Amino acid sequence: MSSSTLDIEPAKIAKQPLPWSLWLRQIRAIFRLEIEKNFLGRRSILLYLLALLPIVPLALLAPFTPPGREWQDFTQYNMIFAIYYGGLILRTVVFFGCAWIFMNLFRGDIIDRSLHFYFLSPVRREILVVGKYLAGVVTSTILFTGTTIISMLLLYLPHFPSESSRFFLDGHGLGQLLTYSGITILACIGYGAFFLVVGLFFRNPIIPALVLYGWEWINFLLPPLLKKISVIHYLQSLTPVPVSEGPFAVIAEPTPAWIAVPSLIVVTALVLFLASRRIRRMEIRYGSD
């Protein structure tokens, strides 16, 4: 009587590679849809008005030089633009522009009762966050970097054309222009991530946006440790022309660029990770909005 044994080896399950190509195609598709909505949708009118807000006064002042000793001195224009950029462009236009763009990435779809189309499609919700966020970053970067560049050129060129040409072509002007543009891009990246999360977590995002706005504005009064819990501190550390924050400001050392830029990027990545976790459990309730 013979016996035989049959050795059965467990089947090896091949690991499926991550579908990077599929995810990239989906991100591109979402990106194109959101870019079209951001630039051509009815909510884009406010964005264009915000982007024009710093340009219009400078365009009106272009034909003549305003009265005032500082306007007659070309060496003072560095400080004039630094104050104009920090107070109007960065703290107001870029801040509220990013709030409008990024909070509406999901809240706008909920108001329009169209978010369920995304949720019913075979797309991971994390991919949806990435595609919408990238569209918001590109939209805000194009609009507000353009605002920054046009504003700086409108300030310099009409009043001192020859000095301005030398300043931009042979001096520090081009470097300052690129630095201010880079700060604007970083502001869009940082503020965009925070406002995206605000739009996901809060049914009425206006109140948290105003709280964040107040926190950014009183940053000069905060102790050095609390200053670093804000986006504006890192952005101000990168400005090429430091501006005095007044006699009541708490002095703090600016964060070096090699720390400020990676810090903003890391915090942005963490905030986007939080948004990805939140959207996994998100349920659409149109009736309550």
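Above this note sits the structure.
A brief report on the enclosed structure follows. (Residues numbered from 1 in each chain as written. Predicted model: local features only at pLDDT ≥ 70, side-chain atom pairs only at ≥ 80, totals over all residues. Heavy atoms only, no water.)

Here's the deal with the environment of Ile 232
Then, in step 1: If you trace the backbone, Ile 232 turns up in helix 12 (residues 231-237).
Then, in step 2: As a C-alpha pair, Ile 232 and Gly 68 span 164 residues in sequence and 30 Å in three-dimensional space.
Then, in step 3: The contact partners of Ile 232, leaving out residues within four places of it in the chain, are Leu 90, Arg 91, Tyr 191, Glu 216 and Asn 219. (Helix = DSSP H or I, 4+ residues; strand = E, 2+ residues; numbered from the N terminus. Contact = heavy atoms within 4.5 Å.)

Some details on a nonpolar patch on the surface
Then, in step 1: A grouping of Ile 45, Leu 46, Leu 49 and Trp 100 is seen on the molecular surface, where their side chains present a nonpolar patch of about 380 Å² in accessible area.
Then, in step 2: Broken down by element, the nonpolar patch gets its largest block of residues, three residues, from helix 2 (residues 44-52).
Then, in step 3: With respect to the helices and strands, Ile 45 occurs in helix 2.
Then, in step 4: Ile 45 sits in the exposed class, given a relative accessible area of 53%. (Patch = residues over 30% accessible without salt bridge, like charges linked within 9 Å, V, L, I, M, F, W, Y side chains within 5 Å. Areas by Shrake-Rupley, 256 points an atom, 1.4 Å probe, with all protein chains shown as cover. Salt bridge = Lys/Arg side-chain N within 4 Å of Asp/Glu carboxyl O. Buried < 20%, exposed > 50% of the residue type's maximum accessible area, 1.4 Å probe, protein only.)

A few points about the packing of helix 1 (residues 20-40) against helix 2
Then, in step 1: The N-to-C vectors of helix 1 and helix 2 enclose an angle of 65°; their axes lie 6 Å apart at closest approach. Along its contact with helix 1, which presents Asn 38, Phe 39 and Leu 40, the element helix 2 presents Ser 44, Leu 47 and Tyr 48. (Axes fitted to C-alpha atoms, helices over the stretch in contact; angles between N-to-C directions.)

Comments concerning the packing of aromatic side chains
Then, in step 1: Tallying each qualifying case throughout the model produces 22 aromatic pairs.
Then, in step 2: For the ring pair Phe 167 and Phe 168, a centre distance of 5.3 Å and an interplane angle of 70° mean the geometry is edge-to-face.
Then, in step 3: Relative accessible area serves as the criterion here: at 11%, Phe 167 is assigned to the buried category.
Then, in step 4: When its relative accessible area of 11% is taken as the criterion, Phe 168 is described as buried.
Then, in step 5: In textbook terms, an aromatic cluster arises when at least three aromatic residues are bridged by ring pairs, as seen for Trp 71, Phe 74, Tyr 77, Tyr 156, Phe 160, Phe 167 and Phe 168. (Phe/Tyr/Trp six-rings, centres within 6.5 Å; stacked < 30°, edge-to-face > 60°.)

Quick word on helix 9 (residues 173-201)
Then, in step 1: Taking 1.5 Å per residue, 29 residues should reach 42 Å; helix 9 reaches 42 Å between its end C-alpha atoms and fits that length.
Then, in step 2: Most of helix 9 is tucked away: 21 of the 29 residues are buried. (Expected span 1.5 Å × (residues − 1).)

Re the packing of helix 7 (residues 125-156) against helix 13 (residues 257-280)
Then, in step 1: Packing of helix 7 against helix 13 brings their axes to within 9 Å, and their N-to-C directions diverge by 135°. Looking at the two axes, helix 7 sits oblique to helix 13. In terms of crossing hand, the pair formed by helix 7 and helix 13 is right-handed. Contacts between helix 7 and helix 13 involve Arg 125, Glu 126, Leu 128, Val 129 and Tyr 133 from the former and Thr 268, Leu 272, Ala 275, Ser 276, Ile 279 and Arg 280 from the latter.
Then, in step 2: Here the contact of helix 7 with helix 13 is built from residues that sort into six nonpolar, two polar and three charged. (Parallel < 35°, antiparallel > 145°, perpendicular 65-115°, else oblique. Left-handed = near helix turned anticlockwise from the far one by under 90°. Nonpolar A, V, L, I, M, F, W, Y, C, P; charged D, E, K, R; others polar.)

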